[in-house]
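Structural description and commentary
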Amino acid sequence: MHIQDILKDHATTFSFEFFPPKTPAASEALFQTILELENYLPHFVSVTYGAGGSTRQLTHDLVVRIKNETKLNPIPHLTCVCHTRDEIRSIIGRYASAGVSNILALGGDPPRIEGYRRADDHFQHAADLVAFIREFNATGAHPDKRGFGIGVAGFPEGHPATPNRLLEMDYLKRKVDAGADYIVTQLFFDNRDFFDFRDRCKLAGINVPIIAGIMPITSVSGLNRMAELAGGARFPAKLLRALQRCQDDPEMVARVGIHYASEQCHDLLQNEVSGIHFYTLNKGDATRQIFASLGLRNSRAGRPA
């Protein structure tokens, strides 16, 4: 089922993101977490893709396993980095053959390998990848006559590689104009950034649904890693002050981080967000606690559109 169809049927969607583990033991532990979270009936789940396609096969294997062994709707991430046109064609062809209905098309982070040159990649921008997937859809090679549904990324706090915020919005509009159905945002910790981003999208003529990305902080080390991975992420003083007060108590740090994320979600729901996408870090406890805080037994307990 295409995500755009799901978004039309539900006032707010709830979804989870996972990354493919690199060992058999970690893979089994993750799949157990996925089976537990399946009870929350997420509208879809996404699976990330390592820099330069470093987890290409792992991503594919996890997506296909989720599709075959659960009732969940999996969405693979796909990036431009380190790929030729033929490689991308092969990857999406395999997903089509497996009956995967949606793809999240991303520019991708450059790999940390010597000699890498962005100019060597066939697709230079996510908009180019979106357009190519649309071309594939038109060939009729997908079992769904419409082909793949396509999502793209948005950056409420600004993309670290594009300090010009007006130009950044132009880039986002190109992705939507190329055929993207919806936007999933990078994580953020101040909802005012999200609401401002949503308003700026409207002003730019971007009218597709925007799903908010939420990542609960559950440890000080996780906070530091988040700051490194999500370049440019702003951590409000209110959040940092609360974490600082309990930084020597891991259990309290997790409680503070989950409470803060829960408050974000309450506010987003009050302001009619199209969807909330939880970056789970392959753990289920924080997500379960947030659902309890929201008074939701599962994702389908919310009001329909």
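The structure contained in this document is the topic of the report that follows. Here the structure is a predicted model, which means the values were calculated and not measured.

1. Some words on the packing of aromatic side chains
Under the definition given, this model contains 10 aromatic pairs. In this structure an aromatic cluster arises from ring pairing among Phe14, Phe16, Tyr40, Phe278 and Phe291. The positively charged end of Arg65 is found above the aromatic ring belonging to Phe31, 3.8 Å away from the centroid.

2. Regarding the pairing of strand S5 (residues 149–154)
Here S5 lies mainly inside the structure; 6 of its 6 residues are buried. Side-chain alternation along S5 places Gly149, Gly151 and Ala153 on one buried face and Ile150, Val152 and Gly154 on a second face that is also buried. Sheet topology note: the strand S4 (residues 102–106)/S5 ladder contains 3 bridges and is parallel. The residue of S5 that forms the bridge with Ile103 is Ile150. The β-α-β motif built from S4, the intervening helix H5 (residues 126–138) and the parallel element S5 has right-handed crossover chirality. The pairing of S5 with strand S6 (residues 182–187) spans 4 bridges and is classified as parallel. Its bridge partner lying in S6, Gly151 is registered against Tyr182. Where the polypeptide runs from S5 across helix H6 (residues 165–177) and back to S6, its parallel neighbour, the crossover connection is right-handed.

3. What about the nonpolar core?
Ranked by internal contacts, the top residues of the largest apolar core, which has 61 residues, are Leu268 and Phe278. If we skip the residues at most four places from it in the chain, Phe278 touches Phe14, Ser15, Phe16, Glu17, Ile214, Cys265, Thr287, Ile290 and Phe291. By size, the runner-up hydrophobic cluster in this structure holds 29 residues, among which are Ile6, Ile75, Leu187 and Leu243.

Conventions and cut-offs
- Residues numbered from 1 in each chain as written.
- Predicted model: local features only at pLDDT ≥ 70, side-chain atom pairs only at ≥ 80, totals over all residues.
- Heavy atoms only, no water.
- Phe/Tyr/Trp six-rings, centres within 6.5 Å; stacked < 30°, edge-to-face > 60°.
- Lys NZ or Arg CZ within 6 Å of the ring centre and 35° of its normal.
- Buried < 20%, exposed > 50% of the residue type's maximum accessible area, 1.4 Å probe, protein only.
- Helix = DSSP H or I, 4+ residues; strand = E, 2+ residues; numbered from the N terminus.
- Pairing = 2+ DSSP bridges.
- Right-handed = clockwise from strand over helix to strand, strands pointing away.
- Core = buried A, V, L, I, M, F, W, Y, C linked by side-chain atoms within 4.5 Å.
- Contact = heavy atoms within 4.5 Å.

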